[in-house]
Amino acid sequence: MKRLAGKAALITGAGRGIGAAIALAFAREGASVLLAELDIDTAQQTAEHIKAQTGARVLALHTDVTQSASVRQAVSEAEQAFGALDVLVNNAGINVFCDPLTMTDDDWRRCFAVDLDGVWNGCRAVLPGMVERGAGSIINIASTHAFKIIPGCFPYPVAKHGVIGLTRALGIEYAPRNVRVNAIAPGYIETQLTHEWWDQQADPAAAQQATLELQPMKRIGRPEEVAMTAVFLASDEAPFINASCITVDGGRSALYHD
Ligand code: NDP
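Read on for a plain summary of the structure. (Residues numbered from 1 in each chain as written. Predicted model: local features only at pLDDT ≥ 70, side-chain atom pairs only at ≥ 80, totals over all residues. Heavy atoms only, no water.)

## Focus: the sheet that holds strand E8 (residues 179–186)
Applied cut-off: Any two strands between which DSSP finds at least two bridges are classified as paired. Per the convention used, a helix needs a DSSP run of H or I reaching at least four residues, while a strand needs a run of E reaching at least two, with both numbered from the N terminus. Note on geometry: axes are lines fitted to C-alpha atoms, helical ones only across the stretch in contact, with angles between N-to-C directions running from 0 to 180 degrees. Should any heavy atoms of two residues lie within 4.5 Å, those residues are counted as being in contact.
With parallel pairing, seven strands are arranged side by side in an open sheet as E3-E2-E1-E4-E6-E8-E9. Strands at the two margins of the open sheet, each flanked by one partner only, are strand E3 (58–62) and strand E9 (245–248). Put simply, the sheet's adjacent strands are angled 15° from each other on average, direction ignored. Relative to the sheet, helix H2 (residues 40–54) contacts strand E2 (32–37) and E3, its axis offset from that of E3 by approximately 175°. Across the sheet, helix H8 (residues 223–234) lies against strand E4 (87–90), strand E6 (136–141), E8 and E9, angled at about 165° from E8, the strand it touches most.

As structure tokens, then:
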């Protein structure tokens, strides 16, 4: 029996990277999946690939998580196509790494619009249905920046701390209605986001090597490794895990000295 058989899921920012890996893993485990993504061309290509690989029901829809109406529309289309949503993964996120005092107001707003408002917009759109049905699993993709600080990465960690706060608050609020809200905190995972960060450094190859050296396992993570944790939290194997955050970083955040 597939672990997500019969479930319907919506995943934001699922055109590429961690979101695409979660969508593929969910589909392999029998879920119907809607990819809610800003870049519709990428999302459609990813959806076709997942359909071909798994035979699952997969849809792609242009969605901007910063706009609550856009997220509500995505939820409505997913429910029309698949029936009630069992799982929401709030994955869409952007790196906004600034020096606090030279950061512009626009940088601050852009970061919070996607990394925190976007998560709330997703939760707000699915919670009424989940609460009414007395079932649901929401998974918010946070980061190890949600509890560790790297200088010069402001205000991304502030927003990611907020994602943990939101996860805990909503997890407690709706626990009596059997709606579980959890987070995953990935460490370094190899995606376009990570490569863009290396490419911004003076010596990208040296920056990449330095990152690998900092890892206890001497490698960074793969999107599929985050996806496996998302499958677990979405499945019926985690019925008593709520308002929690699972770290997927190869042990990096447990290390005291580099
Ligand atoms: P990517 O940049 O590879 O993918 C993010 C996806 O989200 C892109 O497809 C992007 O679309 C989409 N997106 C961006 N803004 C919006 C929006 N407003 N509405 C809908 N979709 C949007 O990132 P990752 O896969 O690396 O990251 C996924 C999540 O994991 C993020 O929340 C990130 O903060 C978190 N994370 C990642 C880590 C890593 O090392 N990679 C580590 C810790 C956390 P577009 O192409 O149009 O921009």
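Having seen the model, we can carry on.
## A few points about H2
Note the following rule: Here, expected helix span is obtained from the residue count minus one, scaled by 1.5 Å. Each residue is assigned to one of three classes by its accessible area relative to the maximum for its type, calculated with a 1.4 Å probe on protein chains only: buried under 20%, partly exposed between the two thresholds, exposed over 50%. As used here, the arc belongs to the directions running from the helix axis to the C-beta atoms.
A rise of 1.5 Å per residue sets the reference length of H2, with its 15 residues, at 21 Å; its end C-alpha atoms lie 21 Å apart and thus fit the reference within 8%. Within H2, the full set of buried residues consists of Ala43, Thr46, Ala47 and Ile50. The buried residues of H2 occupy one face: seen down the axis, they fall within an arc of 105°. For H2, exposure combined with an orientation more than 90 degrees from the buried face picks out Asp41, Gln45 and Ala52. On its buried face, H2 sits against helix H1 (17–28), E2 and E3.

## Notes on the packing of helix H6 (residues 192–199) against helix H7 (residues 204–214)
Rules: Any angle between 65 and 115 degrees counts as roughly perpendicular, while under 35 counts as roughly parallel, over 145 as roughly antiparallel, and the rest as oblique. By the convention adopted, Pro, Cys, Tyr, Trp, Phe, Met, Ile, Leu, Val and Ala count as nonpolar, Lys, Arg, Asp and Glu as charged, and the other residues, Gly among them, as polar.
Contact pair H6 / H7: the axes reach a minimum separation of 8 Å and the direction vectors enclose 125°. By the angle between their axes, H6 is oblique relative to H7. Residues His195, Trp197, Trp198 and Asp199 of H6 lie in contact with H7, whose contacting residues are Pro204, Ala207, Gln208 and Thr211. Taken together, the residues of the contact of H6 with H7 sort by class into four nonpolar, three polar and one charged.

## Focus: the site of the ligand
To be explicit about the condition: Note on terminology: near, applied to a residue and a molecule or strand, indicates that one of the residue's heavy atoms is within 4 Å of it. Contacts described as polar in this section are N or O atom pairs within 3.5 Å, which, within protein, must combine one atom able to donate a hydrogen with one able to accept it, while residues neighboring in sequence count only if both atoms come from side chains. Values of accessible area rely on a 1.4 Å probe in the Shrake-Rupley scheme; residue burial ignores everything except the protein chains shown.
In the vicinity of the ligand lie 28 residues, with Arg16, Glu37, Asn91, Tyr156 and Thr191 positioned nearest. Note that a nitrogen atom of the ligand is positioned 2.9 Å from one of the side-chain N or O atoms of Asp64. Contact between the ligand and Val65: a nitrogen atom at 3.0 Å from a main-chain N or O atom of the residue. When the free accessible area of the ligand is taken as 900 Å², the share hidden by the protein chains comes to 91%. If you list the elements that add at least two residues to the shell around the ligand, you get H1, helix H5 (156–174) and H6. Top element by residues in the shell around the ligand is H6. It accounts for three residues.

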